[in-house]
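Survey of secondary and tertiary structure
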Amino acid sequence: MILEIKSILKSYNPREGNVIDSIDLRIKKGAIVSLLGESGSGKTTLARLIAGLEVPDGGEMILDGNVVANHSILVPPQRREVGMVFQDYALFPHMTVLENVGYGIAQSTEKKDRIEQVLNLVGLQDFGYRFPHQLSGGQQQRVALARALAPSPKVLLLDEPFSNLDTSLKRQLRAEIFQIIRKSGVTAIFLTHDTQDAMAVSDKIIVLQNGRIIQEGTAKELYESPVNPYIANLFGPIVKFSAEDLTQFSFEGDPSKTYAIRQHNFEVNPAKKTPYTIEVSIEKSTYLGDIYLNQATLSNKKTILFTSSLKCEDQIRLGFSAHSLLIFK
């Protein structure tokens, strides 16, 4: 393991409770891991603890086999070999690309070669004498990545690296940036609130809420087997049902459990083999490009939003299969 975190605690104000609440975490060398959570979930504080920019109130942190934080040891940031790509890139405006990338590298005979190596890695070998304001947003991001990689860190932290980019550029750069990280072989921890970003790049996703890890696993594991409705909804819109709601579809549920169906898993005018169906009146059908978002209300006033490839009008039969149900204790 490149990073082990054991029962780490952090509080800024004891009256408000812990921002990081007894987190345990193990990350393999060379993995790309996403810390996924909404604002206030604790992901930025956890990253700052890993980087050494915050002091934990308890617990232990081990980096590449060496204790970097516990009750008696605190290794400062500059000695942890943790790189960081900030949300706003934080490039020095008065320095060229070459100077920015070389900033964190100690003077040596190999410094020039290392700068050249990482600029080749990020595809900016011809931009060394430009200043940040002469670069596009995507190029600035690559410079920030090259600067973080240049000292050969053991762990690379990326804080919401795509939040300042428009959607089309984000998709392109997301693939390019993480291809670069794969080639470098560095262990990367990616902070994001965007589930699609996390699913696209991660070997493992760690979901944080209120300073705790509430589930971790691959994108497939979290999408198909979420532990609660909150995580299910992070990975795509759902409709929650009680057991009583489902009786209208002739499904016998357990009153002690909560159920959910993803909006795209409802079946419109299904074949007879679909066992759980009901007739509903369509109240609204909104065109969203490749799908329609439809609204209907059950007889118990439960509103359902579901998607379909064709526009739904008037009365339809709406159904689902048992394997589409997400079930929560």
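Residues numbered from 1 in each chain as written. Predicted model: local features only at pLDDT ≥ 70, side-chain atom pairs only at ≥ 80, totals over all residues. Heavy atoms only, no water.

Turning to the pattern of salt bridges, a few remarks are in order. Under the definition given, this model contains 13 salt bridges. The residue Lys43 makes a salt bridge to Glu160 at a minimum N-O spacing of 4.0 Å. Of the two residues, Lys43 sits in helix α1 (residues 43-51) while Glu160 sits in the loop between β7 (155-159) and α5 (167-184), which places them 117 residues apart along the sequence. No difference in accessibility class separates Lys43 from Glu160, as the two residues are buried. Residues participating in the shared-partner salt-bridge network are Lys10, Arg48 and Glu54. (Salt bridge = Lys/Arg side-chain N within 4 Å of Asp/Glu carboxyl O. Helix = DSSP H or I, 4+ residues; strand = E, 2+ residues; numbered from the N terminus. Buried < 20%, exposed > 50% of the residue type's maximum accessible area, 1.4 Å probe, protein only.)

Further remarks concern helix α3 (residues 111-121). Every buried residue of α3 is accounted for by Lys111, Ile115, Val118 and Leu119. Angular distribution of buried residues about the axis of α3 spans 105°; they occupy a single face of the element. Contacts from the buried residues of α3 go to α2 (97-102) and α4 (137-149). Positioned one or two residues after α3, Gly123 has a phi angle of 75°, which is positive. (Arc of directions from axis to C-beta. Contact = heavy atoms within 4.5 Å.)

Counted by the stated rule, this structure contains 11 aromatic pairs. Arranged with centres 6.2 Å apart and planes meeting at 70°, the rings of Phe241 and Phe266 form a pair that is edge-to-face. On the criterion of sequence distance, the pair formed by Phe241 in strand β11 (residues 238-241) and Phe266 in the loop between β12 (258-262) and β13 (267-268) is long-range, its members being 25 residues apart. Each member of the pair Phe241 and Phe266 is classed as buried. Taken together, Phe241, Phe249, Phe251, Tyr259, Phe266, Tyr276, Phe306 and Phe320 form an aromatic cluster joined through their ring pairs. (Phe/Tyr/Trp six-rings, centres within 6.5 Å; stacked < 30°, edge-to-face > 60°.)

With that settled, consider the sheet that holds β12. Read across the sheet, 3 strands follow the order β11-β12-β18 without closing on themselves; strand pairing throughout is antiparallel. Looking at strand neighbours, the two that pair on one side only are β11 and β18 (326-328), the edges of this open sheet. For this sheet, the mean inter-axis angle between neighbouring strands, taken without regard to orientation, is 25°. Across 3 bridges, the pairing between β12 and β18 is antiparallel. Within the sheet, the bridge partner assigned to Ala260 lies in β18 and is Leu326. (Pairing = 2+ DSSP bridges. Axes fitted to C-alpha atoms, helices over the stretch in contact; angles between N-to-C directions.)

Attention shifts here to the pairing of strand β17 (residues 315-320). One ladder, built from 2 bridges, connects β13 with β17; its direction is antiparallel. Counted as the bridge partner of Glu267 is Gly319 from β17. With 6 bridges joining them, strand β14 (residues 276-287) and β17 adopt antiparallel strand pairing. Residue pairing in the sheet places Glu279 in a bridge with Arg317 of β17.

Moving on, we get to the nonpolar core. Nonpolar side chains in soluble globular proteins generally cluster together in the buried interior. Val101, Leu145, Leu156, Leu158, Phe178 and Ile181 are the most contacted members of the largest nonpolar core, which has 34 residues in total. Among the secondary structure elements, those contributing two or more residues to this core are α2, α3, α4, β7, α5 and β8 (187-192). It is α4 that provides the largest number of residues to this core, a total of 6 residues. Membership of the second largest hydrophobic core comes to 29 residues, among which are Ile8, Ile23, Val68 and Ile189. (Core = buried A, V, L, I, M, F, W, Y, C linked by side-chain atoms within 4.5 Å.)

Read these as layout, nothing more, since geometry by itself doesn't imply function.
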